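Coordinate inspection notes
Okay, here's what each chain looks like letter by letter:
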Amino acid sequence: MTSAPDFLARYDSMSCAAAHEVIGTYSTSFSLATKLLSKTVRTDVRNLYAMVRIADEIVDGTAIAAGISDVASLLDDYEAQILSAPQQRFHTDPVVHAYALTARRCEFSNGHIRAFFASMRRDLEHAKLSASELDTYIYGSAEVIGLLCLNIFLVGHDVAPRERREMEQGAQALGAAFQKINFLRDIHEDFEVLGREYFPGVSPEHFTDAQKAQLVAEIRAELATARAVMGMLPMEARVGVVAATDLFSQLTDQIDETPARELARRRISVPQYKKLAIAARALPTAKKMSR
């Protein structure tokens, strides 16, 4: 007698594959770094990224391009769907289904999810941010993503509270650095297309080399904070985190070398051959970090 197919397992697999397609489409650098994670960790990180990417698309113009006038309500509905997703074993949306698998397994905090959506909601206001507002925005848009990734990395690992706090500080610093790097890469589009000015007093028309140097210094300090605790991460996560960090460090170097006026006109990227070289160095670098 032929056994019945495991319909739910097949649907789970399809949903995770759909999440993989999202990250492959929107972030080639991050997708490359995730290939260096262990299979389970890689799947969970991609499932989280896909959910975050959909929220980004809602607020970054895709919903408007589709003719949706009440984008705020659409974002509210998506937030409610994501917050309730872990309580339901089947979802008709594959990305939500994949996210729910990961959120249950890794015990995501609803507080972190709400902080993320609060920052996404702020993007709909098209307003300039003050220094304190920027800190709050970055916490929700990037630092909590670092904390959620840390949840993924530490599943099945017993970690002392002190070590957990150190790793959380590193995760938040890395998330903040990645966000600031992306702000600098996208300064023209954010300001001219989306009407956003994230860094107080920094716009394409009024972006100086001195302002850029200060931001680069902040980014490098945050990357250093993150690197200081990477040796505490399980190896199945550490190699991918090292690769992502080195990719963004390369971007930081290129930002540093590019005049502010030019940076405000074009989006820089890391050449593919450099990305592959960075990925190749990640394993030996990660092994040297053991603590």
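A brief structural summary. Everything numeric here is computed off the predicted structure, so don't read it as measured data. (Residues numbered from 1 in each chain as written. Predicted model: local features only at pLDDT ≥ 70, side-chain atom pairs only at ≥ 80, totals over all residues. Heavy atoms only, no water.)

Here we come to the side chain of Asn151. Inspection of the secondary structure assignment puts Asn151 in helix α8 (residues 131-153). The class for Asn151 is buried, based on a relative accessible area of 14%. Separated by 3.2 Å, the side chain of Asn151 and the backbone oxygen of Cys106 make a polar contact. (Helix = DSSP H or I, 4+ residues; strand = E, 2+ residues; numbered from the N terminus. Buried < 20%, exposed > 50% of the residue type's maximum accessible area, 1.4 Å probe, protein only. Polar contact = N/O pair within 3.5 Å; in protein donor to acceptor, adjacent residues only side chain to side chain.)

Attention now moves to the state of the cysteines. Disulfide: a covalent bond formed between the sulfur atoms of two cysteine residues. All chains considered together, the criterion is met by zero disulfides. Cys16 takes part in no disulfide bond, and the closest cysteine sulfur to it belongs to Cys106, at a distance of 11 Å. The class of Cys16 is buried, set by a relative accessible area of 18%. (Disulfide = S-S within 2.5 Å.)

Note on placement: Ser132 falls in helix α8. Measuring from C-alpha to C-alpha, the distance between Ser132 and Pro200 comes to 9.9 Å, with 68 residues separating the pair along the chain. Reaching out from Ser132, the side chain makes a polar contact with the side chain of Ser130 at a distance of 3.3 Å.

Okay, the layout of surface pockets next. What the second largest pocket holds in volume is close to 270 Å³. Residue lining of the second largest pocket: 15 residues in total, with Leu134, Phe199, Pro200, Leu215 and Glu218 positioned closest to the centre. Sorting the residues of the lining of the second largest pocket by element identifies α8, α9 (161-185) and α11 (209-230) as the ones contributing at least two each. Considered class by class, the residues forming the lining of the second largest pocket number eight nonpolar, two polar and five charged. (1 Å grid on protein atoms, 1.4 Å probe; cavity = no way out; pocket = protein on both sides within 12 Å on 5 of 7 lines; lining within 4 Å. Points joined across faces, edges and corners; volume = space filled by probe spheres on them. Nonpolar A, V, L, I, M, F, W, Y, C, P; charged D, E, K, R; others polar.)

Here we come to empty space enclosed by the protein. A probe matching the size of a water molecule, rolled over the atoms, marks out where space remains unfilled. Within this structure, the stated rule accounts for two cavities of 30 Å³ or more. Taken as a whole, the largest cavity holds about 70 Å³ of empty space. In this structure, the largest cavity is lined by Phe183, Ile187, Asp190, Phe191, Arg196, Glu197, Tyr198, Phe199, Val202, Ser203 and Pro204. Its residues assigned to classes, the lining of the largest cavity shows seven nonpolar, one polar and three charged.

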